[in-house]
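# Notes for the structure review
One-letter residues, chain by chain:
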Amino acid sequence: NAGVTQTPKFQVLKTGQSMTLQCAQDMNHNSMYWYRQDPGMGLRLIYYSASEGTTDKGEVPNGYNVSRLNKREFSLRLESAAPSQTSVYFCASSEMGLGQFFGPGTRLTVL
Amino acid sequence: GQQLNQSPQSMFIQEGEDVSMNCTSSSIFNTWLWYKQDPGEGPVLLIALYKAGELTSNGRLTAQFGITRKDSFLNISASIPSDVGIYFCAGPASGGSYIPTFGRGTSLIVSSV
């Protein structure tokens, strides 16, 4: 039982490049989330998926897109990376109303 | 959206000391969650509170759901070096939303005696 896994762990991009962050959970949770964490800012919600087939914007969705591929997988895409998107990205999953389980994070630097 | 104010922002204590931190909200919460984030890792859920006035312990950690439903407290007794990390409060405001909002965290540093 791996919990929540994320790939890659580290990534460096140039401004304008695109990439997809992958997330998978094996706990059969319905809800999945993408957060970004910046120093002193805590965790800010980018997008979430309440259940398979649905996605909704969070607090900071601009510059990102998501896909809930199936119940297990929820990916985050940066179409044209910008330096402001340098951050640590966390994926999480949960059952509605209960505490979230987080992945180990992806550390992204955009030059 | 609702604001979560977490304090203190950081704490530097000696091993063996007790620690207290709190979180206040501009909205009424129906759930309070406390997480710990070790350096280089994702947050891990420590304690979940679901009822006003509830007091819940997890080892040396004790958390309380405030009576007003707008605040919560986390206490750590007899701190040890592995308590180092960032502690976050979180919770979905009442009114149907289940999506948690996170505080900005309390950074705890514990020095060995």
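Residues numbered from 1 in each chain as written. Chains lettered and ligands numbered in written order. Predicted model: local features only at pLDDT ≥ 70, side-chain atom pairs only at ≥ 80, totals over all residues. Heavy atoms only, no water.

A covalent bond between the sulfur atoms of two cysteines is what we call a disulfide. All names here are of chain A. Counted according to the given criterion, the structure contains two disulfides over all chains. Shown here is the disulfide that connects Cys23 with Cys91, its sulfur atoms set 1.8 Å apart. Handedness of the Cys23-Cys91 disulfide follows from its S-S torsion of about -70°: it is left-handed. Of this pair, Cys23 sits in strand β3 (residues 19-25) while Cys91 sits in strand β9 (residues 87-94), placing them 68 residues apart in sequence. Note on Cys23: relative accessible area 3%, which makes it buried. (Disulfide = S-S within 2.5 Å. Helix = DSSP H or I, 4+ residues; strand = E, 2+ residues; numbered from the N terminus. Buried < 20%, exposed > 50% of the residue type's maximum accessible area, 1.4 Å probe, protein only.)

With that out of the way, let us pick up unusual backbone geometry. For the peptide bond that leads from Thr7 of chain A to Pro8 of chain A, omega is -10°, which places it in the cis range. Relative to the assigned elements, Pro8 of chain A resides in the loop between β1 (4-7) and β2 (10-13). With an omega dihedral of -5°, the bond running from Ser7 of chain B to Pro8 of chain B counts as a cis peptide bond. Positioned with a positive phi, Asn28 of chain A is a non-glycine residue whose angle comes to about 60°. Within the secondary structure, Asn28 of chain A sits in the loop between β3 and β4 (31-38).

On to the packing of aromatic side chains, then. A complete count under the given rule lists 10 aromatic pairs over all chains for this structure. Seen from their ring centres, Phe90 of chain A and Phe102 of chain A are 6.4 Å apart, and the 85° between their planes marks the pair as edge-to-face. Within this pair, whereas Phe90 of chain A is found in strand β9, its partner Phe102 of chain A is found in strand β10 (residues 101-102), the two being separated by 12 residues in sequence. In this pair, the class of Phe90 of chain A matches that of Phe102 of chain A, namely buried. In textbook terms, an aromatic cluster arises when at least three aromatic residues are bridged by ring pairs, as seen for Tyr33, Tyr35, Phe90 and Phe102 of chain A together with Tyr35, Phe88 and Phe102 of chain B. (Phe/Tyr/Trp six-rings, centres within 6.5 Å; stacked < 30°, edge-to-face > 60°.)

Our next topic: the layout of surface pockets. Each pocket or cavity is described by its volume, and for the largest pocket that value is around 760 Å³. As for the largest pocket, its lining consists of 31 residues, and the residues nearest its centre are Met41, Leu43, Arg44 and Glu59 of chain A together with Phe102 of chain B. Considering each element in turn, the lining of the largest pocket owes the most residues, four residues, to strand β5 (residues 42-49) of chain A. Of the residues contributing to the lining of the largest pocket, the split by class is 12 nonpolar, 15 polar and four charged. (1 Å grid on protein atoms, 1.4 Å probe; cavity = no way out; pocket = protein on both sides within 12 Å on 5 of 7 lines; lining within 4 Å. Points joined across faces, edges and corners; volume = space filled by probe spheres on them. Nonpolar A, V, L, I, M, F, W, Y, C, P; charged D, E, K, R; others polar.)

This part covers the pairing of β9 of chain A. Residues and elements named next belong to chain A. With eight of eight residues buried, β9 lies mostly within the body of the structure. Covered by surrounding structure in β9 are Ser87, Tyr89, Cys91 and Ser93 together with Val88, Phe90, Ala92 and Ser94, the residues of both alternating faces. Taken together, the seven bridges between β4 and β9 define a ladder with antiparallel strand orientation. When the bridges of β9 are listed, Arg36 appears paired with Tyr89. Bridging between β9 and strand β11 (residues 106-110) involves three bridges; their strand directions are antiparallel. Its bridge partner being in β11, Ser87 is matched across the sheet by Leu108. (Pairing = 2+ DSSP bridges.)

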